[in-house]
Amino acid sequence: MKDLLLKAYLSHQLDSQSSICLKIPDTIYFMGICGTAMAGLAVYLKQKGFNVLGSDQNIYPPMSLELKKARIPVFNYDENNIKDSIKLIVVGNVISSHHKEMLKAREKQIPIISFPEFLKQSLLLKTKNIVIIGTHGKSTSSALMSHVAEQTHQNPNFFIGAVANDFSSSFRVTPSPYFILEGDEYDSSFFAKRAKFFYYKPSYALLTSLEFDHADIYNNIEEIKKAFCEFVKKIPAEGCLVAYADSPYIEELLSFCSAKVLTYGSKKGDFRIGSREVNDKGQTFEVFTESKKFKLSTPLFGEHNALNTLGVFVLAYHLKWSESQILSALKNFKGLKRRMEFRFKFKGAKIFEDFAHHPTAVKASLSALRERYPHQRILALFEPRSFTSRLNVFQKDYISAFSPADLIFIAPSYNSFKIPQDKRFSIEQLVEDLKKQKKQAFKFSNFKDLEEKFKKTLKANDIAIFMSSGSFGSLLNKFLSSI
């Protein structure tokens, strides 16, 4: 089926600007279209003149707005959506083999392909691919790398797994030789149980971090390390890997890489962060090498974002892009939606939204807020929604993760009934443990009670951050509409 699909639907022909064109007839259908990557590709194909439509279960901003703006019809999942006119289906990794739409597609013998395979076969065969990988910081680093490339006049292709404020889309195709990609270690689809980044043909790579995550895909850290090792093997000898040196697993990974390796970190590395100065506009920090010294500035807060900024700088510097333009681009980066994003003021308090769900990311975000607002009360609102956050594998880690906050509100765990009782994350235990640490912590069985408690508790001058990999019960939109 794969050979038939590629011959019939994907041709690699250069247009007058030497960019790769897709030659795909008729209708393309996206199952799981509201994922950031899927939506970005769908919008691009729509702009190229193809008939695009799709379906999803969770249809909410920002991607729902992007799809609506592009006039792409989006439906709730229904087997009746699968019409005879559909000639190709791009399948998201949220779709299972027994999904009702997939069963209908199989019945109709419609060709299917995963997002990363589609990307590889249609757009990545003739480009120099810069792939950003790691447990944390991929979206921020991918967006920042794309912004730096833009500001240094590389006019890059890019795919970012979030909405970057410096661009009108999370996905762009240009005549540039560079393609910047967020490389996810999550699997590609039910019929291609391999990490997405395996398909991205790296010329260069930035490795931001490595920890255990995605417990629905990987059983332990050794399996994750194996996946990353296989990826770094793919970087050609003439390429380059920039890697975060402070991770305990990085050194082992580097032994598998035949390309040039540059490392960075706060404790060790070829490029090391020195003193950091935080102000209202962000942070400035010194960077040292054996022979040079640099001074970097970014509007992003937190030590983790200083490291993200440094990783991007090292790779851009290696590529010999203009140093002065790189530094200027780092300084005027506008950030991403749902990544420490200031949303609005409510009752005189500042409300932020963040994608954090892994305990390391939760602590990094809260520490960044504490560093930025050292004398104000911080309210952390957390929804256990990702699969791993609903398991008890990080039960104890969350105690430390919430330490920078003053008050902690834990929302109901998403579809917790699907997790076996002996493996289920215990909100009750977390709240009890946090109280032992002299924290004000609250658990809720529904979003309505959480909303009421939050409104009663919130005071002017507070800092509140909503952390979830989902919509957090649409509470932010409710608050915004009431202002």
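See the structure shown above.
Residues numbered from 1 in each chain as written. Predicted model: local features only at pLDDT ≥ 70, side-chain atom pairs only at ≥ 80, totals over all residues. Heavy atoms only, no water.

*Asks:* Outline the overall build of the chain, supporting the account with residue identities and numerical values.
*Replies:* If you tally the helices and strands in the chain, you get 15 helices and 25 strands. For 483 residues, the compact-globule estimate of 2.2 N^0.38 gives 23 Å, and the chain sits close to it at 22 Å. If one aligns the C-alpha atoms of the chain with their principal axes, the spans along those axes are about 65 × 60 × 45 Å. Put simply, of all contacts in the chain between residues at least 6 apart along the chain, 64% involve residues at least 24 apart. Accessible area for the chain stands at about 20,700 Å²; split by element, carbon and sulfur atoms hold 47% of it. In the chain, which carries 67 positive and 49 negative side-chain charges, the distance between the mean positions of the two groups comes to 3 Å. (Helix = DSSP H or I, 4+ residues; strand = E, 2+ residues; numbered from the N terminus. Rg over C-alpha atoms; globule rule 2.2 N^0.38 Å. Contact = heavy atoms within 4.5 Å. Areas by Shrake-Rupley, 256 points an atom, 1.4 Å probe, with all protein chains shown as cover. Lys, Arg positive; Asp, Glu negative; His and termini not counted. Charge placed at Lys NZ, Arg CZ, Asp CG, Glu CD.)

*Asks:* I'd like to hear about the nonpolar core, residue by residue, with values.
*Replies:* Formed by 91 residues in total, the largest nonpolar core has its most connected members in Phe-30, Phe-115, Tyr-200 and Phe-402. No other element matches helix 2 (residues 36-47), which puts 8 residues into this core. Here Phe-115 is in contact with Ala-37, Met-38, Leu-41, Val-90, Val-91, Phe-159, Phe-171 and Tyr-200, once residues within four sequence places are set aside. Listed in part, the 43 residues of the second largest apolar core include Val-148, Ile-160, Cys-240 and Leu-310. (Core = buried A, V, L, I, M, F, W, Y, C linked by side-chain atoms within 4.5 Å. Buried < 20%, exposed > 50% of the residue type's maximum accessible area, 1.4 Å probe, protein only.)

*Asks:* Now, about the pairing of strand 8 (residues 128-133): what can you tell me, with residues and values included?
*Replies:* For strand 8, a buried count of 5 out of 6 residues is recorded, marking the element as mostly surrounded by other parts of the structure. In terms of strand pairing, strand 8 meets strand 11 (residues 178-182) through 5 bridges, oriented parallel. In the sheet register, Ile-132 faces strand 11, and the bridge partner there is Glu-182. (Pairing = 2+ DSSP bridges.)

*Asks:* Tell me about the pattern of salt bridges, and name the residues and values.
*Replies:* All told, the structure shown has 20 salt bridges when counted by the stated rule. The salt bridge partner of Lys-193 is Asp-187, with a shortest N-O separation of 2.5 Å. Taking the relative accessible area as the measure of exposure, Lys-193 reaches 58% and is therefore exposed. For the salt bridge of Lys-478 with Glu-451, the shortest nitrogen-to-oxygen distance reads 2.9 Å. Note that Lys-478 is positioned in helix 15 (residues 475-482) and Glu-451 in helix 14 (residues 447-457), a separation of 27 residues in sequence. Judged by its relative accessible area of 40%, Lys-478 falls in the partly exposed class. Taking relative accessible area as the criterion, Glu-451 reaches 10% and is therefore assigned buried. (Salt bridge = Lys/Arg side-chain N within 4 Å of Asp/Glu carboxyl O.)

*Asks:* Lay out the packing of helix 6 (residues 138-151) against helix 9 (residues 303-318) in plain terms, naming residues and giving numbers.
*Replies:* Contact pair helix 6 / helix 9: the axes reach a minimum separation of 10 Å and the direction vectors enclose 40 degrees. With respect to each other, helix 6 and helix 9 are oriented oblique. Seen from above, helix 6 lies across helix 9 with right-handed handedness. Contacts from Thr-140, Ser-141, Leu-144, Met-145 and Val-148 in helix 6 reach Asn-305, Asn-308, Thr-309, Val-312, Leu-315 and Ala-316 in helix 9. Considered class by class, the residues forming the contact of helix 6 with helix 9 number 6 nonpolar, 5 polar and no charged. (Axes fitted to C-alpha atoms, helices over the stretch in contact; angles between N-to-C directions. Parallel < 35°, antiparallel > 145°, perpendicular 65-115°, else oblique. Left-handed = near helix turned anticlockwise from the far one by under 90°. Nonpolar A, V, L, I, M, F, W, Y, C, P; charged D, E, K, R; others polar.)

*Asks:* Outline the sheet that holds strand 5 (residues 74-76), listing residues and values.
*Replies:* Pairing is parallel across the open sheet formed by 5 strands, whose spatial order is 5-4-3-6-7. What marks the edges here is a single partner per strand, and that holds for strand 5 and strand 7 (112-114). Along the sheet, successive strands turn relative to each other by an average axial angle of 25 degrees, direction set aside. The sheet contacts of helix 2 involve strand 3 (27-31), strand 4 (51-56) and strand 6 (86-91), and relative to strand 3 the element is tilted by about 170 degrees. Packed on one face of the sheet, helix 4 (residues 100-108) meets strand 3, strand 4, strand 5, strand 6 and strand 7 and runs near 145 degrees to strand 3.

*Asks:* Which residues make up the environment of Thr-360, and what are the values?
*Replies:* Relative to the helices and strands, Thr-360 is located in helix 11 (residues 359-372). You can call Thr-360 partly exposed: its relative accessible area is 33%. Between the C-alpha atom of Thr-360 and that of Asp-397, which follows or precedes it by 37 residues, the distance is 8.2 Å.

*Asks:* I'd love a proper account of the packing of aromatic side chains, names of residues and values included.
*Replies:* Enumeration according to the criterion identifies 32 aromatic pairs in this entry. Seen in terms of ring centroids, Phe-197 and Phe-198 are 5.4 Å apart; in terms of plane orientation they differ by 70 degrees. Their pairing is edge-to-face. A single burial state applies to Phe-197 and to Phe-198, both of which are buried. For the ring pair Phe-466 and Phe-472, a centre distance of 5.1 Å and an interplane angle of 80 degrees mean the geometry is edge-to-face. Just as Phe-466 is buried, Phe-472 falls in that class too. (Phe/Tyr/Trp six-rings, centres within 6.5 Å; stacked < 30°, edge-to-face > 60°.)

*Asks:* Give me the lowdown on helix 11, citing residues and values where you can.
*Replies:* Over its 14 residues, helix 11 runs 20 Å from end to end, which matches the ideal 20 Å to within 8%, given 1.5 Å per residue. Those residues of helix 11 not exposed but buried are Pro-359, Val-362, Ala-364, Ser-365, Leu-366, Ala-368 and Leu-369. Close packing links the buried residues of helix 11 with helix 9, strand 21 (349-354), strand 22 (378-382), helix 12 (397-401) and strand 25 (463-467). (Expected span 1.5 Å × (residues − 1).)

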